[in-house]
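Take a look at the letters that make up each chain.
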Amino acid sequence: MENLNIMIVGVGGQGTLLASRVLGNVAMKMDHDVKVSEVHGMAQRGGSVVTYVKMGKKVYSPIIEKGEADIIIAFERLEALRWIDYLKQDGTLIVNDQRIDPMPVITGKAKYPENILEKIKNNYKSVVAIDALKIAKECGNIKAVNTVLLGILAKSTNIDKEIWLESLKENVPAKAIDVNLKAFEAGYMC
Amino acid sequence: MKKLMLGNEAVARGAYEAGVTVAAAYPGTPSTEITENIAKYDEIYSEWSPNEKVALEVAVGASIAGARAICSMKHVGLNVAADPLFTASYTGVNGGLVIMVADDPGMHSSQNEQDSRCYAKGAKVPMLEPSDSQECKDFVKKAFEISEKYDTPVIVRLSTRISHSQSIVEISDRCDYKLKDYVKDPAKYVMMPAMARKRHVEVEKRMAGLRELSNTDEFNKIEWGNKEIGVITSGIAYQYAREAFGDVSYLKLGMVHPLPDKLIKEFASQVKTLYIIEELEPYIEDFVKTLGIKAIGKEKLPVIGEYSANLIREKIFDKKIESKPVTDEEIPIRPPVMCPGCPHRGMYYVLRKLKLTVSGDIGCYTLGALPPTQSMDTCVCMGASIGAALGMEKARGAEFGKKTVAVIGDSTFIHSGITGLIDVVYNKGNSTVIILDNSITGMTGHQHNPTTGFTIKGEPTKQVDLEKLCNAVGINRVRIADPFNIKEFEKVVKEEIEADEPSVIISQRPCALLKTVKFEGPLKISIEKCKKCKMCLSVGCPAIVDKGDHIEVNEALCVGCMLCTKVCNFNAFEKAGE
C-alpha cells in the first residue's frame, strides 16, 4: 500500500482523540508502520486542534504537511477551511456540517466565512458534507459524532470493514458499544 | 508484543522494564503523561511532587539509597530543578538516576522555547535524545545502564512531537533489578567545598569516558546513502530530515552530550556537503565548527519555531510548497478559551469590571490575558505572580499596589507561590493575592496536587489547608469566595484591595471538567425577553454568540453554569428544550 495520510481537525473538546486511536489500531492490524501525532495541553481548551495519522511501509515524520493529506476529517466547517490546503488535490474531505464560532467571531472582531463548503468544492472534487450531530442524535448519543465520521472514513478507504469494526470495539467502553456500532453503520451507509 | 504508544507512554514502559521503583514529577505539557503512565505500574512508587526541584531531590535520594529512580518535567521545569541537577552531577549515583525533560519547540503549551541540551553541557551530565517511541523505551533503559556505569545522572531529552506522537513499540519484560546496598559515604554525597573539589575531578574523568562512549556506542550511528550530502541530526529533527533529504547519508545522534568528535570527523570527511539539522539552538553546529569542519546549519535554518520536512525543503532547497487558496478572505483564528462553566470566568468578570492591574501566573487562567477578558497584565513563570505584584507595589507605591492583584492557581501556589507570599508578609507588602482553588491541576489535564487530598494513585492523603497555611505565614486577612457569586466576589475583592495589609482571597469552585461537577444543562435566550443589551457577552463565554440581530446560545457548548444569568437584568435566559 502507498502511505495513507489522514488528518483529523476540529475544536478542542469535540472528541477527536477517539478517531485517532481507532485509526492507529486499524494500521496496527494491517501490519503497517504508523505514527499518530496529537495535541495536548493549552491548545485543547476550545482551540483549533489537529491530529495527524500516517500509515504505510515506513513512516518518518509524524507530521502531515500542506498538500500531503489523502483524507481530512473535519469536525467543524471553519476548521475544514483552515486546513484544506493540507489536502492533496485528489484527496477527500469529510466534513461535519456544524458551526462553532471562535472567540474573534463571538466578540465581533472577525466574520465567520459564508458558503465554506461551496468554496472548497470549487477547488476540490471529493467533499462529503454531513450533519453528523443529527445522525448521532438519531443513533441515541450526541457524543457519537466521531464514530459517524469514522464510518464515512471507513467507506472511503480500501480497508476491510471488519478491521474497522474490531478496532472500534477495542477502543470504546463496553457500555457505549451498541450506540457506537449503530453510529458507525449510519456513517458507513452515507 | 507490539503496541502503539505515545513517546511519553514508552518512556514509562522503559522505566518499568528497567526495574525503576521510584518516580517523581511535577506535571507540565508535554511531559505529563510519562508519570501518569508510570503510576499505573503497581511496582513503582510514584508521586506528583510540589515542584520539579523537590521531584528531582526525591529521585536523587532514592538513587543514593540504592534504587533506580526517574524524574520527569517539561523544559522550564528543569530551570526549577537546576539546583539539585548541577550538584547531583558531582555526587553521582548509587542506583541509576534518569531525568526526563520535554522541550516544546513552537511553544504549543509553553512560555518559552529554551533548548535543554544547554543544561546537559552546563551540568556536565550525559544526554540522550530519542526520535520515536521505540527509542524512547530503549534509550531510557540504556540511560540507567550508563548512569550506573559512569556514576552520573543521565538526562533524556524529548520534544512535543516525540512525547505526543504514537508509534510502534516492542514490549519486553521487567528486569530483575535488586536494590543496591546503601553505604554511608560523605566524601561522595556531602557536597561541601573539600569534598566537592575532589568530586569535580571525578566529573571530568567521567566525561572523558563518556566522550569515548559517544564515539563508539551504537546510539550514534551512520546511515550511509548518497555521499553528495551528509546530514548530522538528532531527535525529531532526524525524522524531518529523512523526509526532506531522502536517500543521502545521515549521522544520527542518539547521544547529544557529550558529542562524538571522532565520529563526526569521520562522517564529515566522507560527504561533500554537510548539513546540521537540529531543533532549536545551534548546539551540534557550534561543536562541529569548533572541530574546524564546514557545515550548513543556522545560516539557512531558523532558531525560532518548530521544524518540519517542508521547512527544510524550503530553506535548504528553496522549494516552496504552493497551494491554490480556496478563498482570499481572512480565516478567523480560533485561540484556546476558558471552557464553558469555567470558574475563572466569574473572577475575571469582576477583575475587569474593577479595572485592576493583574499580575498573572501559569495555568488555564493565563487565558484570561486573551479577549474577551483581557484582564491579565503579566505572566512570566510558575509562581511569579506574587513576587511581581510586590515588585510593582514597591516600584510605584502603595496606591498602585491597591489597584493590583496577583492571580495564581492552587497547584502553582504550592509549586512556588508560597515563597512569594512569605516575601510579601516579611517585607511589609500590601498585596492582594487571589488563589484559584479549583480542586485540581487543570491545564495539564487534571492531576492531583497537595491541595486536592489525593495522591497520584488516587489514594486519600492529607490535604494542605490553604487558609491555615496563609494564616501561618502571617496573612491575617484570608477570605474564601465563590467566583460565580459575582456580587459577593466583587465586594470581597474591593474590601481586600482597600485593606492596609496583605490579604489572600481563595476563589473556590471546582474545575468545570471534573466528573463530579454537575450543571443544569444547556440554556437558551428568550427572544421576547432579551433587550440585546449585550451584558451577557461581557462574561466572555464561548457558548454565547452575537448573531448581529440577536444573541444566541450555542446549545452544543453550553453546560448550564448559570453565570450569564447573573449578569442578565431581564431574566432572558431559560432552560433549553422547554
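Every value quoted in this text rests on a predicted model; they were computed, and no experiment measured them.

> Can you help me understand the overall build of chain B in this one?
A count of helices and strands for chain B gives 20 helices and 22 strands. In terms of overall size, chain B behaves like a compact globule, its C-alpha atoms giving a radius of gyration of 27 Å where 578 residues would be expected to give roughly 25 Å. Viewed in the frame of its principal axes, chain B has a C-alpha envelope of about 80 × 65 × 50 Å. Buried positions account for 54% of the 578 residues belonging to chain B. Within chain B, contacts between residues separated by at least 24 positions form 74% of all contacts whose residues are at least 6 apart in sequence.

> For this particular structure, what's the right way to read helix α7 (residues 161–171) of chain A?
Structurally, the α-helix is built with 3.6 residues per turn, so residues lying three or four positions apart point the same way. Residue and element names in this part refer to chain A. Within α7 the residues assigned to the buried category are W164, S167 and L168. Considered in projection along α7, the buried side chains sweep an arc of 100° and stay on one side of the axis. Along α7, the residues that are exposed and aim more than 90 degrees away from the buried face are E162 and E170.

> Just checking my understanding: could you explain the domain arrangement of chain B for this structure?
Interface extent is often summarised as the accessible area lost during association of the parts. Residue and element names in this part refer to chain B. Parsing chain B into structural domains produces domain 1 (2–216), domain 2 (221–317), domain 3 (344–508) and domain 4 (523–575). Using C-alpha coordinates to define each centre, domain 1 is positioned 33 Å away from domain 3. If you look at the interface, domain 1 gives 14 residues, while domain 3 gives 16 residues. Those elements giving two or more residues to the side of domain 1 that touches domain 3 turn out to be α2 (32–38) and β3 (45–48). Among the elements that take part in the side of domain 1 that touches domain 3, β3 stands out by supplying three residues, more than any other. Tallied by class, residues from the side of domain 1 that touches domain 3 come to six nonpolar, seven polar and one charged.

> Sorry, what's going on with the packing of helix α16 (residues 384–396) of chain B against helix α18 (residues 410–426) of chain B here?
The angle between the axes and the distance between the axes are what describe a pair of packed helices. Residue and element names in this part refer to chain B. Contact geometry for α16 and α18: axes closest at 7 Å, N-to-C directions at 25°. Relative to α18, α16 is oriented roughly parallel. Residues S385, I386, G387 and L390 of α16 form the contact with α18, whose participating residues are G417, G420, L421, D423 and V424. Residues belonging to the contact of α16 with α18 are distributed by class as follows: four nonpolar, four polar and one charged.

> It is not clear to me how the interface of chain A and chain B should be interpreted in this structure. Could you clarify?
At the junction of the two partners, chain A supplies 46 residues and chain B supplies 47 residues. Breaking the side of chain A that touches chain B down by element, the ones donating at least two residues are α1 (16–29), β2 (33–37), α2 (77–83), α3 (103–106) and α4 (116–123) of chain A. Of all the elements, β2(A) adds the most residues to the side of chain A that touches chain B, at five residues. Of the residues belonging to the side of chain A that touches chain B, the class tally is 23 nonpolar, 13 polar and ten charged. Examined bridge by bridge, β2(A) and strand β8 (residues 165–170) of chain B share two bridges and lie antiparallel to one another. Within β8(B), the position partnered with V36(A) by the bridge is Q166(B).

> Hey, could you run me through helix α1 (residues 7–17) of chain B in this one?
Residues and elements named next belong to chain B. The element α1 is largely enclosed, with a buried count of ten among its eleven residues. Within α1 the residues assigned to the buried category are G7, N8, E9, A10, V11, A12, R13, G14, A15 and Y16. Positive backbone phi, at 85°, marks G19, one or two positions downstream of α1.

> Just to check I follow, could you spell out the nonpolar core for this structure?
Side chains of nonpolar character tend, in soluble globular proteins, to be buried together. M7(A), I72(A), L93(A) and A59(B) are the most contacted members of the largest nonpolar core, which totals 226 residues. Aside from chain neighbours lying at most four places away, what touches L93(A) is I72(A), A74(A), A80(A), I84(A), L87(A), I120(A), Y124(A), S126(A) and V127(A).

> Can you walk me through the sheet that holds strand β11 (residues 248–253) of chain B in this structure?
The strands making up a sheet associate through backbone hydrogen bonding, with each pair oriented either parallel or antiparallel. All names here are of chain B. Sheet architecture is open: four strands sit in the order β9-β11-β10-β13, paired in mixed fashion. Of all the strands in the sheet, the pair left with one neighbour each is β9 (221–223) and β13 (273–277). Shown here is a sheet whose adjacent strand axes are inclined to one another by a mean of 20°, direction ignored. Summarising the sheet, strand β10 (residues 226–234) and β11 pair through six bridges and their orientation is parallel. Bridged to G230 within β11 is S249.

> Hey, could you run me through the sheet that holds strand β16 (residues 432–437) of chain B in this one?
Residues and elements named next belong to chain B. Reading across the sheet, the five strands line up as β14-β15-β16-β18-β17 and stay open at both edges, with parallel pairing between neighbours. At either end of the open sheet lies a strand with only one pairing partner, and these are β14 (357–359) and β17 (477–481). Averaged over neighbouring strand pairs, the angle between their axes works out to 25° when direction is ignored. As judged from the three bridges shared by β14 and strand β15 (residues 404–409), these two strands associate in the parallel manner. Paired with V358 across the two strands is V405, which belongs to β15. Taken strand by strand, helix α15 (residues 344–353) contacts β14, β15, β16 and β18 (503–508), and its axis lies near 160° from that of β16. The strands that helix α20 (residues 486–498) touches are β15, β16, β17 and β18; relative to β17, the one it contacts most, it runs at about 165°.

> Would you mind showing me how to read the pairing of β16(B) here?
Consecutive side chains of a regular strand alternate in pointing toward one face of the sheet and then the other. All names here are of chain B. When you tally the buried positions in β16, you get six out of six residues, the bulk of the element. Side chains T432, I434 and L436 project from β16 onto one buried face, and the interleaved V433, I435 and D437 project onto a second face that is buried too. Relative to β16, β15 is paired through five bridges, and the arrangement is parallel. Bridge assignment links G409 to a residue of β16, and that residue is L436. On the question of chirality, the crossover connecting β15 to the parallel β16 by way of α18 is right-handed. One ladder, built from six bridges, connects β16 with β18; its direction is parallel. Directly across from T432, in β18, lies its bridge partner S503.

The rules behind each value
- Residues numbered from 1 in each chain as written.
- Chains lettered and ligands numbered in written order.
- Predicted model: local features only at pLDDT ≥ 70, side-chain atom pairs only at ≥ 80, totals over all residues.
- Helix = DSSP H or I, 4+ residues; strand = E, 2+ residues; numbered from the N terminus.
- Rg over C-alpha atoms; globule rule 2.2 N^0.38 Å.
- Buried ≥ 20, exposed ≤ 12 C-beta atoms within 10 Å, placed from the backbone.
- Contact = placed C-beta atoms within 7 Å.
- Arc of directions from axis to C-beta.
- Domains from an automatic or database assignment.
- Nonpolar A, V, L, I, M, F, W, Y, C, P; charged D, E, K, R; others polar.
- Axes fitted to C-alpha atoms, helices over the stretch in contact; angles between N-to-C directions.
- Parallel < 35°, antiparallel > 145°, perpendicular 65-115°, else oblique.
- Pairing = 2+ DSSP bridges.
- Core = buried A, V, L, I, M, F, W, Y, C linked by C-beta atoms within 7 Å.
- Right-handed = clockwise from strand over helix to strand, strands pointing away.

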